[in-house]
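# Survey of secondary and tertiary structure
Here is how the chains run, residue by residue.
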Amino acid sequence: MRSPSQLLAASEPPQRKTDVLRSAFALVSDRLPSGWSVALVEEDLVADRRVDAVAEFQAPGGAKASFLVEVKRAVVTSNLPAILDQLKSFRRHLAGEAEPMVVARYLGPSARAWLEERGVSYADATGNMFVLRDRPALFVRDRGADHDPWRGPGRPRGTLLGPPAARVVRALLDFRPPMTVPALARRSGASTGATYRVVDFLEQEALLARNPRGPVTDVNWRKLLERWSKDYGFQSSNTVGGYLSLRGLPALLDGLRASSGLRYALTGSLAAHRMAPYAPARLAMVYVDDLGDAASQLKLRPVDSGANVLLAAGDYDVVFERTVEDDGLTYVAPSQVAVDLLTGPGRSPAEAQALIEWMETNETAWRR
């Protein structure tokens, strides 16, 4: 049986703005509480200014809630401030209270999060929706597609998957702007083409600001970390093996200090503890080049359960970039620790939040 996204992909995408509007509101109407209804007035005039639509929701008792609707075939997060400003300017000319609402063929996760953070209602033709009013009380929320089902095969993918993207993201996290794109490519070690693609994507997602044809001027590094963690994970992006250090983590650290010719970098709880102690580490997470060689040198026993050491190896050499030496040990950069904890096992996500809070108050201590 095909998934809803596959069924949508097999269908014809709504092409006209009116088709987008009607498709999205048909889905909203289906999910309204019992007794509620919604009526649309398309291309309405508000004080001699044309708005794409006015949606009027009616409660069972007759109370009404109006929304000024802006319809877009395609939306990226960086478009949203201007769209919201336009809707607010319309609202100033409308008698009574009306809230802004954005409707599109597809709204990506970042766009939806941006709107929800500001309490702005939205709906798309895949079934993603968030409709909120205080008076009369109305809250409708549902989830549609997580990826644009109608995106053509020749268009760039909206992800941060792969080692080149990881290199660019790490450089944006580790170095403070301003920074030109060629300088970013040199610092990251990624190709110029890959760097421009990542920068363009992040600009659309409103995760960085860039002067037209100029340098990157600002990076929302916390949001960037969180967005990267959707496409990169310590366990999902690497080959990871579970091992047992029979004499505990202190013995493992002694072994790392005494190792010869072993390239490694500690991450996870042990790395975070240097900056933002959370609780005594119970699990060591270590990047190495080869799992078998590292396990042999460190006298680790492979286990299927009960591991106190996770060794990771893979194609992401960026984990060995800008490492930190402390007390005879090598640690990954704080930005890498953060994303590894965000995607790590057990209590790792909670430790990530503690570390990120430390990073926010000590930015000059870790960001160059």
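Higher on the page you've got the structure.
So, how was this worked out
- Residues numbered from 1 in each chain as written.
- Predicted model: local features only at pLDDT ≥ 70, side-chain atom pairs only at ≥ 80, totals over all residues.
- Heavy atoms only, no water.
- Salt bridge = Lys/Arg side-chain N within 4 Å of Asp/Glu carboxyl O.
- Helix = DSSP H or I, 4+ residues; strand = E, 2+ residues; numbered from the N terminus.
- Buried < 20%, exposed > 50% of the residue type's maximum accessible area, 1.4 Å probe, protein only.
- Axes fitted to C-alpha atoms, helices over the stretch in contact; angles between N-to-C directions.
- Left-handed = near helix turned anticlockwise from the far one by under 90°.
- Contact = heavy atoms within 4.5 Å.
- Polar contact = N/O pair within 3.5 Å; in protein donor to acceptor, adjacent residues only side chain to side chain.
- Phe/Tyr/Trp six-rings, centres within 6.5 Å; stacked < 30°, edge-to-face > 60°.
- Lys NZ or Arg CZ within 6 Å of the ring centre and 35° of its normal.

With that out of the way, let us pick up the pattern of salt bridges. Here the structure, examined in full by the defined rule, presents 25 salt bridges. Arg 31 serves as the salt-bridge partner of Asp 142, at 2.5 Å between the closest nitrogen and oxygen. Here Asp 142, found in strand S7 (residues 138–142), pairs with Arg 31, found in the loop between helix H2 (17–30) and strand S1 (37–46); they are 111 residues apart in sequence, far enough to count as distant. Judged by its relative accessible area of 32%, Asp 142 falls in the partly exposed class. The partly exposed category is assigned to Arg 31, whose relative accessible area is 34%. Residue Arg 257 pairs with Asp 327 through a salt bridge whose shortest N-O separation is 3.0 Å. Taken together, the positions of Arg 257 in helix H9 (residues 249–258) and Asp 327 in the loop between strand S15 (324–326) and strand S16 (329–331) put the pair 70 residues apart, joining distant regions of the chain. According to the relative accessible area criterion, Asp 327 is exposed, its value standing at 57%. It is possible to trace a salt-bridge network through shared partners that takes in Arg 112, Arg 143 and Asp 146.

Here we come to unusual backbone geometry. Between Arg 135 and the following residue, Pro 136, the backbone shows a cis peptide bond with an omega angle of -15°. With respect to the element layout, Pro 136 can be found in the loop between strand S6 (129–133) and S7. Of note, the amide linkage connecting Pro 177 to Pro 178 takes the cis form, showing an omega dihedral of 10°. Structurally, Pro 178 can be placed in the loop between helix H5 (163–174) and helix H6 (181–188). The phi angle at Ala 206 is positive, at roughly 60°, despite the residue not being glycine. Tracing the chain through its elements places Ala 206 in the loop between helix H7 (192–204) and strand S8 (208–210). The phi dihedral of Arg 322 is positive, around 55°, even though this residue is not glycine.

The N-to-C vectors of H5 and H7 enclose an angle of 65°; their axes lie 9 Å apart at closest approach. Crossing handedness for the pair H5 and H7: right-handed. Contacts between H5 and H7 involve Pro 164, Ala 165, Val 168 and Leu 172 on the former and, on the latter, Ala 194, Thr 195, Val 198 and Leu 202.

The subject of this paragraph is the environment of Asp 290. Within the secondary structure, Asp 290 sits in the loop between strand S12 (284–288) and helix H11 (291–297). The exposure class assigned to Asp 290 is partly exposed, which follows from its relative accessible area of 38%. Taking C-alpha positions, Asp 290 is 6.1 Å from Ala 313, a pair spaced 23 residues apart along the chain. Among the polar contacts made by the side chain of Asp 290, one reaches the main-chain amide nitrogen of Asp 293 at a distance of 2.8 Å.

Moving on, we come to the packing of aromatic side chains. Following the criterion strictly, the structure yields eight aromatic pairs and no others. Taking the centre distance of 4.9 Å and the plane angle of 70° together, the rings of Tyr 232 and Tyr 316 count as edge-to-face. Within this pair, whereas Tyr 232 is found in the loop between helix H8 (221–228) and strand S10 (239–244), its partner Tyr 316 is found in the loop between strand S14 (309–313) and S15, the two being separated by 84 residues in sequence. The class for Tyr 232 is buried, based on a relative accessible area of 1%. Overall, Tyr 316 belongs to the buried group, its relative accessible area being 11%. Through a chain of ring-to-ring contacts, the aromatic side chains of Phe 25, Phe 57 and Phe 67 assemble into a single cluster. A cation sits over an aromatic face here: Arg 133 above Phe 67, 5.6 Å from the ring centre. The ring of Tyr 331 carries the charged tip of Arg 274 above its face, separated from the ring centre by 4.9 Å.

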